[in-house]
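Chain residues, written in single-letter form:
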Amino acid sequence: MPVLVMKFGGTSVADLARIENAAKKIQSEVARGYDVIVIVSAMSGKTNELIGWVETTSKLYDAREYDAVVASGENVTAGLLALRLQVMGIPARSWQGWQVPINTTSAHGSARFVAIPRANIVQKFGEGFKVAVVAGFQGVSPEGRITTLGRGGSDTTAVAFAAAFDAERCDIYTDVDGVYTTDPRITDKARKLDRIAYEEMLELASLGAKVLQTRSVELAMRYKVRLRVLSSFEDTDENSGTLVCDEDEIMESKVVSGVAYSRDEAKMTLVKVEDRPGIAAAIFGPLADAGVNVDMIVQNISELDSPTDKRAHTDMTFSCPVNQTARAQKAMEDARAAGLFTYASLVVDTDVAKVSVVGIGMRSHAGVAAKMFASLAAENVNIKVIATSEIKISVLIDRKYMELAVQALHDAFDLEKA
Ligand code: ASP
Ligand code: MG
């Protein structure tokens, strides 16, 4: 029997009525002849509540107990959905991570898959079960303890199962009907995409689009899992939603496919650090050790250099999430106190946002950057930092212009039209 993986996110299993709705969608796929593996999230809000209970009980909690508590949300939905399917006459059972077993590393709170043996679930399908309802987001460590994968991890569970079972497709049911050219809350011209390439989705997810966990897209790309994002709140068929797939399967050839943004960025500049071999390592090593997620980096010659000062200097600018600025600042001050390097001052700008355009078409088209900068200039938006990759251009701008910039770029690259 062909295998289909279906994943239901928190809002799609938010209460018993939503669970029944999910069961009906599963029923139609069983009727089409699939053996179905269903991955479920916790009911919406549940994981936050569980995390809150852990943090209230113990500030410096034992990560193994955190995982034991936080994984339980998915267990509840898996059991309830299996029960609902049984009531509808569909042979189904629930699976917790350790029962499959979903083997992960022992990095509690951010574990990674090691292996998902098929034997137990395959045997149950052989015995006549039609649906395996698997608790997402969790696994078991080599030590036999419950692990979790990090927030949004059920998407990654779903893709991992699709890869392990050679599923025909992995359908991610959520509360939006697909992947859009940009956030529809920012412009009503945002358009749902029928298809998007893995690489583009990966950039969009890591640049701030929240529809899929970034790791799930990485995994889908690596194992060529056809991934579909669709709404559990609508009637759907084989053509609904957005298919995330190989670029060969994409006819539509736009240079830019989407505009992403990330609101809560900060820009930090170390003014006048020595320009010598090892300086970047001396700065970014301590930042990494402090757990600061540095994104864009720019190094330029310091305006402060005087003709009489023989030593060369440089300014080093980087961006990071705004809630990590205090940590970054402390790491820099400590590194300076430890004699790793010197600087004249550290300038922190916490009112910036990142706006990016993404598209595989950029590989073969010149002029995308020029067009992007021109349309921001036309709106009088000042660009503070620029970073590019093969298929993306990001700019850091004042946060108050973020919406304006997204709208302007969406217009400039004609994303409204298919
Ligand atoms: N329930 C977990 C979370 O809220 C995992 C998931 O839903 O993907 O992060
Ligand atoms: Mg999610």
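Remember, it's a predicted structure, so these values are computed and weren't measured experimentally.

Chemist: Give me the lowdown on the pairing of strand S16 (residues 345-358), citing residues and values where you can.
Modeler: Looking at chain direction, strand S13 (residues 258-274) and S16 are connected through eleven bridges and run antiparallel. For Ala260, the partnering residue across the bridge sits in S16 and is Ser356. With seven bridges connecting them, S16 and strand S18 (residues 392-398) associate as antiparallel partners. Looking at S18, one finds that Val358 is bridged to Lys392.

Chemist: Which residues make up helix H4 (residues 72-87), and what values do they have?
Modeler: In an α-helix, one turn spans 3.6 residues, which is why side chains three or four residues apart end up on the same side. Here H4 is 16 residues long and its end C-alpha atoms lie 23 Å apart, about the 22 Å a rise of 1.5 Å per residue gives. Within H4 the residues assigned to the buried category are Gly73, Glu74, Thr77, Ala78, Leu81, Ala82 and Leu85. Buried residues of H4 fall within an arc of 160° about the axis and therefore sit on the same side. Opposite its buried face, H4 presents the exposed residues Leu83 and Val87, each directed more than 90 degrees away. One or two residues past the end of H4 sits Gly89, with phi positive at roughly 85°.

Chemist: Describe the sheet that holds strand S1 (residues 3-8), listing the residues and the values that go with them.
Modeler: By definition, the strands of a sheet pair up through backbone hydrogen bonds, in either a parallel or an antiparallel sense. What the eight strands build is an open sheet, ordered S3-S6-S2-S1-S9-S11-S12-S10; its pairing is mixed. Here the strands that pair on one side only, and so sit at the sheet edges, are strand S3 (92-95) and strand S10 (195-197). Ignoring strand direction, the axes of neighbouring strands in this sheet form an average angle of 20°. With six bridges connecting them, S1 and strand S2 (residues 35-40) associate as parallel partners. Pairing of Val5 across the sheet is with Ile37, part of S2.

Chemist: I'd love a proper account of the pattern of salt bridges, names of residues and values included.
Modeler: Counted according to the given criterion, the structure contains 29 salt bridges. The salt bridge partner of Asp183 is Arg185, with a shortest N-O separation of 2.8 Å. Overall, Asp183 belongs to the buried group, its relative accessible area being 14%. Classification of Arg185 by relative accessible area gives exposed; the value is 74%. Across the pair Lys384 and Asp349 runs a salt bridge whose closest N-O atoms are separated by 2.7 Å.

Chemist: Can you tell me about the site of ligand 1, naming the residues and giving the values?
Modeler: Ligand 1 sits among Ser41, Ala42, Thr47, Glu74, Phe137, Arg151, Gly152, Gly153 and Ser154. Contact between ligand 1 and Thr47: a nitrogen atom at 2.8 Å from a side-chain N or O atom of the residue. Residue Gly153 places a main-chain N or O atom 3.3 Å away from an oxygen atom belonging to ligand 1. Alone, ligand 1 offers 260 Å² of accessible surface; in the complex the protein occludes 86% of this. Counting atoms within 2 Å of the grid points, the majority share of ligand 1 lands in the largest pocket.

Here is what the cut-offs are and how they apply
- Residues numbered from 1 in each chain as written.
- Chains lettered and ligands numbered in written order.
- Predicted model: local features only at pLDDT ≥ 70, side-chain atom pairs only at ≥ 80, totals over all residues.
- Heavy atoms only, no water.
- Pairing = 2+ DSSP bridges.
- Helix = DSSP H or I, 4+ residues; strand = E, 2+ residues; numbered from the N terminus.
- Expected span 1.5 Å × (residues − 1).
- Buried < 20%, exposed > 50% of the residue type's maximum accessible area, 1.4 Å probe, protein only.
- Arc of directions from axis to C-beta.
- Axes fitted to C-alpha atoms, helices over the stretch in contact; angles between N-to-C directions.
- Salt bridge = Lys/Arg side-chain N within 4 Å of Asp/Glu carboxyl O.
- Near = heavy atom within 4 Å.
- Polar contact = N/O pair within 3.5 Å; in protein donor to acceptor, adjacent residues only side chain to side chain.
- Areas by Shrake-Rupley, 256 points an atom, 1.4 Å probe, with all protein chains shown as cover.
- 1 Å grid on protein atoms, 1.4 Å probe; cavity = no way out; pocket = protein on both sides within 12 Å on 5 of 7 lines; lining within 4 Å.
- Sits in = over half its atoms within 2 Å of the grid points.

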